[in-house]
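If you want the building blocks of each chain, they are given just below.
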Amino acid sequence: MIVLGIETTCDETAAAVVERFEDGHGKILSNIVLSQVSEHAAFGGVVPEIAARAHVEVLDGIIAEALAQAGCGVGALDGIAAAAGPGLIGGVIVGLTTAKAIALVQRRPLIAINHLEAHALTARLTDATPFPYCLFLASGGHTQIVAVRGIGDYVRLGTTVDDALGEAFDKTAKLLGLGYPGGPLVEKEAARGDPTRFALPRPMHGRKDADFSLSGLKTALRLEAERIAPVSDQDVADLCASFQQAVVDVVLDRLRAGLRLFRAKYGAPTALVAAGGVAANHAIRKVLHRLAFEIGSVLVVPPLELCTDNGAMIAWAGCERLALGLTDTLDVAPRARWPLDEVAAAKGRLQRTAAYK
Ligand code: KG4
Ligand code: ZN
């Protein structure tokens, strides 16, 4: 089974071709990602209208490149998958409409993928991780702890009530004049800073639920920076180190709570799986290793290019769904908001549709 995957929910225009074999394992035949980072850098974040226009300009070329690298014509595809949300709606429309056009012309099934579901299933492409596992998804737009129990069977155990983790790194970088995207820059500064110099809060610490809150931390950091202004190079490094240490402590505490909820409801997870750009952070990875060890499980961190937004994860989720006969009709709508928990409902609806035929 060969599926094309299209990803346009944020600032990456991506297309990939993935093959799934009878025994359930997958192989990436091509994976093309074009980042728009330089187009948004001047604004310190993603500008939706610029993103949507950039997707329109390059998507057809990226798809052609993905097919060429995979060495397969469009006729060889068994299905066309696209991220149908959640994300910036202009970009989602571009990707989903393109997928619909190809599906219509080629008379192949369309698979509308939830972007978060694609992140959640990547560990099965890279490591064939069996269900149920605990996903920690931390990117610029999302911070979630999810029990992944099966295809279309996801239970959100925790989420952020305000900013996403990556967003907190990006805002910290912006405040300190470091540039965008902020995560790698904050991590670099933190390496030469003193993590104990500033006493920053650890929001939600000790709570039974597994939710995150990061806006208070961000504000506390800003107040410290204002208090000592003008900031020297060493101040910037110390602020970054103190911020990163606070985030690390928060992740440890919140994930511990999430894993406790997981165990109580579903027993031991087969693995702790990381996804999203924040998984690139070495200090956070260290904490994830420690947590996996604590629960006697393994840590699965897909290679970074598959942790961040890409087309292969969409194509793979498409393979997994297509193998179960879960396809969509051409009137499926793009969605700016689409919680993972609702994906299961869609599965039920699709199965009912199939039963009517
Ligand atoms: O998954 P991703 O590439 O894109 C989405 O947001 O969907 O994640 C990007 C986010 C950005 O907020 C970036 O600052 C953060 O991941 N990030 C990091 C690091 N590398 C990227 N955060 C902390 N430390 C890093 N080394
Ligand atoms: Zn993502």
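Scoring rules and cut-offs
Residues numbered from 1 in each chain as written. Chains lettered and ligands numbered in written order. Predicted model: local features only at pLDDT ≥ 70, side-chain atom pairs only at ≥ 80, totals over all residues. Heavy atoms only, no water. Salt bridge = Lys/Arg side-chain N within 4 Å of Asp/Glu carboxyl O. Helix = DSSP H or I, 4+ residues; strand = E, 2+ residues; numbered from the N terminus. Buried < 20%, exposed > 50% of the residue type's maximum accessible area, 1.4 Å probe, protein only. Donors = N, O, S within 2.8 Å, 3.2 Å for Na, K, Ca; no water. pLDDT = per-residue confidence, 0-100. Contact = heavy atoms within 4.5 Å. Domains from an automatic or database assignment. Polar contact = N/O pair within 3.5 Å; in protein donor to acceptor, adjacent residues only side chain to side chain. Near = heavy atom within 4 Å. Areas by Shrake-Rupley, 256 points an atom, 1.4 Å probe, with all protein chains shown as cover. Nonpolar A, V, L, I, M, F, W, Y, C, P; charged D, E, K, R; others polar. Pairing = 2+ DSSP bridges. Axes fitted to C-alpha atoms, helices over the stretch in contact; angles between N-to-C directions. Parallel < 35°, antiparallel > 145°, perpendicular 65-115°, else oblique. Left-handed = near helix turned anticlockwise from the far one by under 90°.

**Side note on the pattern of salt bridges**
Next up, step 1: One pass over the full model with this rule turns up 19 salt bridges.
Next up, step 2: Note that Arg197 is salt-bridged to Asp235, the shortest N-O span being 2.8 Å. With Arg197 in the loop between helix H6 (182-190) and helix H7 (215-228) and Asp235 in helix H8 (residues 233-266), this residue pair connects regions lying 38 residues apart in the sequence.
Next up, step 3: By relative accessible area, which is 35% here, Arg197 ends up partly exposed.

**Points about the coordination of the zinc ion (ligand 2)**
Perfect tetrahedral coordination of a metal by four donors corresponds to 109.5 degrees between them, and perfect octahedral coordination by six donors corresponds to 90 or 180 degrees.
Next up, step 1: For the zinc ion (ligand 2), the full set of protein donor atoms is His115 (NE2), His119 (NE2) and Asp309 (OD), at a range of 2.1 Å.
Next up, step 2: Going along the chain, you hit the donors of the zinc ion (ligand 2) in the pattern H-x3-H-x189-D. Here His115 pairs with His119, and both are found in helix H4 (residues 115-127), just four residues apart, close to one helical turn. Per residue, the accessibility class of His115 equals that of His119, and both read buried.

**So, the environment of Arg256**
Next up, step 1: Within the element layout of this structure, Arg256 appears in helix H8.
Next up, step 2: C-alpha separation for the pair Arg256 and Ala292, spaced 36 residues apart in sequence, amounts to 9.8 Å.

**Focus: the confidence of the model for the chain**
Next up, step 1: For the chain, mean pLDDT is 94; residues scoring 70 or higher make up 96% of the total.
Next up, step 2: Contacts from residues 348-357, a stretch scored under 50 in pLDDT, to residues over four places away or in other chains number five contacts.

**Some details on the domain arrangement of the chain**
Next up, step 1: The domain architecture assigned to the chain consists of domain 1 (2-123 + 306-355) and domain 2 (131-305).
Next up, step 2: Distance between the C-alpha centres of domain 1 and domain 2: 27 Å.
Next up, step 3: With 29 residues of domain 1 in contact, the opposing surface of domain 2 contributes 28 residues.
Next up, step 4: One can count zero salt bridges joining domain 1 with domain 2.
Next up, step 5: Across the domain 1-domain 2 interface, the total number found is eight residue pairs in polar contact (both at pLDDT 80 or more).
Next up, step 6: Looking at the side of domain 1 that touches domain 2, the elements that each hand over two or more residues are helix H1 (37-41), H4, helix H10 (304-307), helix H11 (311-323) and helix H12 (341-356).
Next up, step 7: The element contributing the most residues to the side of domain 1 that touches domain 2 is H4, with seven residues.

**Thoughts on the site of ligand 1**
Next up, step 1: Contacts to ligand 1 come from 17 residues, most closely from Gly140, Asp170, Gly183, Glu187 and Gly277.
Next up, step 2: Contact distances for ligand 1 include 2.7 Å between an oxygen atom and a side-chain N or O atom of Asp170.
Next up, step 3: Within the side chain of Glu187, one N or O atom sits 2.7 Å away from a nitrogen atom of ligand 1.
Next up, step 4: For ligand 1, the protein covers 88% of the area, taking 550 Å² as the surface of the free molecule.
Next up, step 5: Breaking the shell around ligand 1 down by element, the ones donating at least two residues are helix H5 (165-175) and H6.
Next up, step 6: Counting residues per element, the shell around ligand 1 draws most heavily on H6, at four residues.
Next up, step 7: Class assignment of the residues belonging to the shell around ligand 1 gives a composition of four nonpolar, 10 polar and three charged.

**So, the sheet that holds strand S4 (residues 79-85)**
Through backbone hydrogen bonds, the strands of a sheet pair up, either in parallel or in antiparallel fashion.
Next up, step 1: Taken in spatial order, the five strands of this open sheet run S3-S2-S1-S4-S5, and their pairing is mixed. A single partner strand is all that each edge strand has here, and the edge strands are strand S3 (26-35) and strand S5 (110-114). This sheet shows a mean twist of 20° between the axes of neighbouring strands, independent of strand direction.
Next up, step 2: Strand direction decides the pairing type here: strand S1 (residues 2-7) and S4, joined by four bridges, are parallel. Each residue of the ladder has a partner; that of Ile6, found in S4, is Ala82.
Next up, step 3: The strands touched by helix H2 (residues 48-70) are S1, strand S2 (12-20) and S3; relative to S2, the strand with the most contacts, the crossing angle is about 25°.
Next up, step 4: Packed on one face of the sheet, helix H3 (residues 89-106) meets S1, S4 and S5 and runs near 160° to S4.

**Quick look at the packing of H8 against helix H9 (residues 282-294)**
Next up, step 1: Contact pair H8 / H9: the axes reach a minimum separation of 10 Å and the direction vectors enclose 25°. Taken together, the axes of H8 and H9 are roughly parallel relative to one another. By crossing handedness, the relation of H8 to H9 is classed as right-handed. Contacts from Gln244, Val247, Val248, Val251, Leu252, Leu255, Arg256 and Leu259 of H8 reach H9 at Ala283, Ile284, Val287, Leu288, Arg290, Leu291 and Glu294.
Next up, step 2: Residue composition of the contact of H8 with H9, by class: 11 nonpolar, one polar and three charged.

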